[in-house]
Amino acid sequence: MTAATSLIPGLEEIVRGGDPKRRAEAARRISELFLQGAADFQPDHVDLFDSVLIDLVPHGELAMRADLAERLSLLASAPRGLVGQLARENELSVAGPLLRRSSVIDEKVLIEIAGLRGQGHLQAMAERSALSPGLTDVIMRRGDRETVRCAAGNAGAQFSQAGYSALIKRAGQDGVLTLAVGQRADLSDRQLKDLLAGSIDVVRRRLFEVAKPVRQAAIKQAMSEIGGAPEQVENRRDFAPAQRAILALHGAGELNEAALLGFAKAHKYEEAVAALSAMSAVKIATLDRLIAGDRHDPILIVGKAIGLEWATVRALILLRLGQNRVPSATDIENTRLNFTRLMPSTAERVVGFWQTRQSA
């Protein structure tokens, strides 16, 4: 540490009991000294810098600590103790880069931090190039929807059997997560079958469309085993006959809410979507894509914008879920309340946005 001592006279005194401003300045200058020579330092030199910086850096300003963390996150020779200290900070601007990229944080420290910190820290870890089963177990237990989706979409993440079971269970309520899990290369045929069994028809179709050919074959097989209809999964829906039927209804003056309710109750998805399209001026492809998502919101919004009654909206939600999926009474009541509270003007603005932004 001769270089540091010559650069900052009285360093020992500053480290032991200097005032915060002097410590902060010393932290900045010694950090810069380390970063400039990091490529040439031997392990014992790195340890020496580590022993000094670990006492000084906490006194540095937030911007300085965040910049230091960003630069250390890219160094394979970064001081291990200092990196661990910064990675444990509450400030995500400091901890985030290290949790996301640093190779010097071992699994034990990552799991410890994952069990203590919030969603920002968990999501940063979910973006690492590699995730151990022990770490993903904690992410599955504590992570929110966005964090779990991130981990599921990370090809470098590994999941234990318990972790995969939790992932598949959560996917049953999250279509976006189903698509991420369904495309994982390490998903077994048994797990794929469990995933599809808990998914709604529109999500199954979307997964088939985006999956690689080998996975498409596995999806067809799994659907056959669980009693699904693989021919419906294999092909995109053909809306042409439904469009002709709706045009005929419109020409006869019979395209109204009663007709839409009849289609929904009869589980005629194509006719119901085509009718909604004609009544809302939102293209069929746009509505089909929106309804295939993981939330009921698009149906609530379109329904409110064109003045549908709750009974019709409810029937459309049940149609979306499929004949084998019945939501709980609590879920239905919460959805009804959301529909009741939704302002028509708000719904009309959203539908107007869909009308102007929809693809040809």
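Everything discussed here concerns the structure shown above.
Residues numbered from 1 in each chain as written. Predicted model: local features only at pLDDT ≥ 70, side-chain atom pairs only at ≥ 80, totals over all residues. Heavy atoms only, no water.

So, on to the nonpolar core. Leu-72, Leu-86, Leu-99 and Leu-167 are the most contacted members of the largest nonpolar core, which has 64 residues in total. Excluding anything up to four places from it in sequence, Leu-72 contacts Phe-34, Leu-35, Ala-78, Pro-79, Leu-82, Val-83, Leu-86 and Leu-98. Within the second largest apolar cluster, 43 residues are counted, among which are Leu-261, Val-282, Ala-292 and Ala-347. (Core = buried A, V, L, I, M, F, W, Y, C linked by side-chain atoms within 4.5 Å. Buried < 20%, exposed > 50% of the residue type's maximum accessible area, 1.4 Å probe, protein only. Contact = heavy atoms within 4.5 Å.)

On to the pattern of salt bridges. Applying the stated rule across the entire model yields 15 salt bridges. The partner of Arg-336 in a salt bridge is Glu-333, and the shortest N-O contact between them spans 2.7 Å. Of this pair, Arg-336 and Glu-333 both sit in helix α24 (residues 329-341), three residues apart, which is roughly one turn of that helix. Ionic contacts of the salt-bridge type, sharing partners, join the residues Glu-32, Asp-67 and Arg-71 into one network. (Salt bridge = Lys/Arg side-chain N within 4 Å of Asp/Glu carboxyl O. Helix = DSSP H or I, 4+ residues; strand = E, 2+ residues; numbered from the N terminus.)

So, about the packing of aromatic side chains. Tallying each qualifying case throughout the model produces six aromatic pairs. A centroid spacing of 5.8 Å and a plane angle of 20° characterise the contact between Phe-34 and Phe-41, whose relative ring orientation is stacked. Judged by relative accessible area, Phe-41 falls into the partly exposed class, the value being 25%. Against the face of Tyr-269 rests Arg-205, its NZ or CZ located 5.5 Å from the ring centre. One residue, Lys-304, lies across the ring of Phe-339, its end atom 4.4 Å from the ring centre. (Phe/Tyr/Trp six-rings, centres within 6.5 Å; stacked < 30°, edge-to-face > 60°. Lys NZ or Arg CZ within 6 Å of the ring centre and 35° of its normal.)

Turning our eyes to something else, we now look at the side chain of His-121. Relative to the elements of secondary structure, His-121 occurs in helix α9 (residues 119-126). The buried category is assigned to His-121, whose relative accessible area is 6%. The residues touching His-121, leaving out its near neighbours within four places in the chain, are Ala-87, Glu-89, Asn-90, Leu-92, Ala-95 and Leu-99.

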